[in-house]
Amino acid sequence: MAGVGDVVIRVLAVAAATCCLAAVPAHAADDGTEKLFTFKDPGITESSGLAVSPTHDGVYYTHNDSAAAPTFYAVDANGRTRATYQVRGAQARDWEAMAATKDAATGRGVLWFADIGDNLDGAWPDISIYKVMEPRTLGDATLPATRYRFRYADGARNAEGMMINPKTGRLYVVSKEFAGSVYAAPKKLRADRTNILRKVAGAPIMATDAAYAPDGSSYVIRTYFSATLYKPSGESISRVTMPELKQAESITYTSDGTALLTGTEGPKSPVYRVPLPARAKPTATPSPASAETTPEPSPQAAADSGGGGLTAKDVLIWLAAAAMATGVITFIARRTR
């Protein structure tokens, strides 16, 4: 649910997209962007998280931005809901992202739901991420969750992105700011105490979601404008042009890692499949040895990243958007006196 600050941010984003979107540099994806499906369930009105099932072929998961109860949906390739799940022991303060992984020991799917939205940038003393074992069969049910609490080492902030490296199991949160950051969780999560998130890399302006590739070779961060691909070290690979959406909120990789799936909020919202640039597609499955030594973001990467793509052109775009938004907000304020 949007607060006053988030509404202003979205006004800025819309203004920037309207007047300056063509100026944002991006690497065009391969031809073949297509609408995969449209959510048909009337209960899915604010799709904010998106994940591909790691064990059920052709099944996708989503959840709303905010709701009276912690709920998520399993849908098929036609957008029809196959099952609706309630999460026991969880709150739905402001769910903003989800991820799906597979337990290496058991082969079970694991679903993660991030209650990390904070439109007041400090309203909550901590944030929570819930771990839910993926059901073996699809059907309406109530599932138990393990709750992990988190706190940022450098102070509370708003966030809408969460991802997990499938090779290392490391969890990351991506903040939604004008100069955003990637925060790493401890290698081993503790459910009995608060886990500390530490900044390890920069992120693009106003990140709305993030996801790791299935083979761990890259990760993607979504914004209102486009998506940016990164190496695990935090080094930028390229930007990818995204389809024009009303309010871009979600992104994930396809199960084979060759394309991205992206969605938006709103009733009967669409999900698009966007092929990756050729140089960003997986070329081979890394060996266990190479997976263990895959570099991940570090504090030095955060220092070297320069804010994860905050270029001079970006600054000019947002200054122009701010000027437009200020005029709009002033007009609305005068009309509502």
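Quick caveat: nothing in here was measured; it's all calculated off a predicted structure.

Engineer: Residues and numbers for the packing of aromatic side chains, please.
Structural biologist: This model, assessed by the stated rule, comprises twelve aromatic pairs. Aromatic pair phenylalanine 37 and phenylalanine 39: ring centres 5.3 Å apart, planes at 75 degrees, arrangement edge-to-face. Of the two residues examined, phenylalanine 37 and phenylalanine 39, each falls in the buried class. In textbook terms, an aromatic cluster arises when at least three aromatic residues are bridged by ring pairs, as seen for Tyr61, Phe72, Tyr85, Trp95, Phe113 and Tyr130. A cation over a ring is seen here: arginine 157 above tyrosine 152, with NZ or CZ 5.8 Å from the ring centre.

Engineer: Describe the confidence of the model for the protein, listing the residues and the values that go with them.
Structural biologist: For the protein, per-residue confidence averages 83 on the pLDDT scale, and 74% of positions sit at 70 or higher. When the criterion is pLDDT under 50, residues 328-337 qualifies, and its contacts beyond four places in sequence or with other chains add up to one contact.

Engineer: Tell me about the nonpolar core, and name the residues and values.
Structural biologist: Counting residues in each nonpolar core, the largest one holds 20 residues, and the members touching the most others are Trp112, Ile129, Phe150, Met162 and Leu171. Among the elements of the structure, strand S6 (97-102), strand S7 (109-115), strand S8 (127-133), strand S10 (146-152), strand S11 (159-164) and strand S12 (171-175) are those that each provide at least two residues to this core. In this view, leucine 171 contacts Trp112, Ile129, Phe150, Met162, Met163, Ile164, Tyr183, Ala184, Ala185 and Leu189; residues no more than four positions away in its chain are not counted.

Engineer: Give a description of the environment of tyrosine 219 that names residues and reports values.
Structural biologist: Within the element layout of this structure, tyrosine 219 appears in strand S16 (residues 219-223). Judged by its relative accessible area of 0%, tyrosine 219 is buried. In the structure, tyrosine 219 is positioned 54 residues away from asparagine 165 in sequence and 8.4 Å away in space, judged by C-alpha atoms.

Cut-offs used in this document
Residues numbered from 1 in each chain as written. Predicted model: local features only at pLDDT ≥ 70, side-chain atom pairs only at ≥ 80, totals over all residues. Heavy atoms only, no water. Phe/Tyr/Trp six-rings, centres within 6.5 Å; stacked < 30°, edge-to-face > 60°. Buried < 20%, exposed > 50% of the residue type's maximum accessible area, 1.4 Å probe, protein only. Lys NZ or Arg CZ within 6 Å of the ring centre and 35° of its normal. pLDDT = per-residue confidence, 0-100. Contact = heavy atoms within 4.5 Å. Core = buried A, V, L, I, M, F, W, Y, C linked by side-chain atoms within 4.5 Å. Helix = DSSP H or I, 4+ residues; strand = E, 2+ residues; numbered from the N terminus.

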